[in-house]
Amino acid sequence: MNLKIISKTENEAVIEFVGEGHTILNLLRTELLKDKRVLMATYDTKFPVMDNPVFRLATNGADPIIALKEATSRIIDQCDEFSNKYAEAVK
């Protein structure tokens, strides 16, 4: 996955997700919105087949890139937990 930071301030970041679609971005948006430091997390794509989605993240004082990294870590932990439980269930 390639990311391009289009702009970043203390409280906001605009990031282009190269070659990604709704699946990962919707999951990321949902996880970010659980964070009390996050004021806004949204994305758009003008032409889904031809354009890279642009993600917008605003916080109430937290570094938006750190919030993004922490949300990503939580998603990875959830995937690991699911994988472990699934493996146990199908033994």
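See the structure printed just above.
Only a predicted model underlies this, so the values are computations on that prediction, with no experimental measurement involved.

About the criteria used
- Sequence positions are assigned chain by chain, starting from 1 and proceeding in written order.
- Reporting of local features is limited, given that this is a predicted model, to residues whose pLDDT is at least 70; pairs of side-chain atoms are given and counted only at 80 or more, and all residues count toward the totals for whole chains, interfaces and linings.
- Excluding hydrogens and water, the side-chain figures rest on all heavy atoms present in the structure.
- Among the buried residues, those of types Ala, Val, Leu, Ile, Met, Phe, Trp, Tyr and Cys that are joined through side-chain atoms within 4.5 Å form a nonpolar core.
- Partly exposed residues are those whose accessible area sits between 20% and 50% of the maximum for their type, while under 20% is buried and over 50% is exposed, using a 1.4 Å probe and protein chains only.
- Where helices and strands are cited, they refer to DSSP runs of H or I of at least four residues and of E of at least two residues respectively, numbered from the N terminus.
- What makes two residues a contact is simply this: any of their non-hydrogen atoms within 4.5 Å.
- Stacked, tilted and edge-to-face are the three classes applied to pairs of Phe, Tyr and Trp rings, where Trp contributes its six-membered ring and a pair requires centres within 6.5 Å; stacked means planes under 30 degrees apart, edge-to-face means over 60, and tilted covers the rest.
- Two strands are counted as paired when DSSP detects at least two bridges linking them.
- For helices, the fitted line uses only the C-alpha atoms of the stretch in contact; every axis is such a line through C-alpha atoms, and the angle between N-to-C directions lies from 0 to 180 degrees.

### Topic: the nonpolar core
So, point 1. Counting 16 residues, the largest nonpolar core has Leu-28, Leu-32, Phe-55 and Leu-57 as its most contacted members.
So, point 2. Listed by contribution, the elements that provide at least two residues to this core are β2 (12-18), α1 (22-32), β3 (38-44), β4 (54-59) and α2 (64-89).
So, point 3. Not counting residues within four places of it along the chain, the set of residues in contact with Leu-57 comprises Asn-11, Glu-12, Ala-13, Leu-32, Val-38, Met-40, Ala-41, Pro-64 and Leu-68.

### Some remarks on the environment of Ser-7
So, point 1. With respect to the secondary-structure elements, Ser-7 resides in strand β1 (residues 2-8).
So, point 2. In this structure, Ser-7 is in contact with Glu-12, Ala-13 and Val-14, ignoring residues within four places of it in sequence.

### Re the side chain of Asp-35
So, point 1. Relative to the elements of secondary structure, Asp-35 occurs in the loop between α1 and β3.
So, point 2. For Asp-35, the contacting residues outside a window of four places in its chain are Ala-67 and Arg-74.

### Some remarks on the packing of aromatic side chains
So, point 1. All told, the structure shown has three aromatic pairs when counted by the stated rule.
So, point 2. With a centroid separation of 6.1 Å and an interplanar angle of 20°, the aromatic rings of Phe-82 and Tyr-86 are classed as stacked. Of this pair, Phe-82 and Tyr-86 both sit in helix α2, separated by four residues, roughly a single helical turn.
So, point 3. The exposed category is assigned to Phe-82, whose relative accessible area is 58%.
So, point 4. Within the aromatic cluster, the residues linked to one another by ring pairs are Phe-17, Tyr-43 and Phe-55.

### Some thoughts on the sheet that holds β1
So, point 1. Read across the open sheet, the four strands follow the order β1-β2-β4-β3; overall the sheet is antiparallel. Lying at the two open borders of the sheet, with one neighbouring strand each, are β1 and β3. Adjacent strand axes in the sheet meet at a mean angle of 20°, parallel and antiparallel pairs treated alike.
So, point 2. Where β1 meets β2, six bridges bridge the pair, whose relative direction is antiparallel. Paired with Asn-2 across the bridge in β2 is Val-18.
So, point 3. Lying on the sheet, α1 is in contact with β2, β3 and β4; it crosses β3 at an angle near 170°.
So, point 4. Set on the sheet, α2 makes contact with β1, β2, β3 and β4; between it and β2 the angle comes to about 50°.

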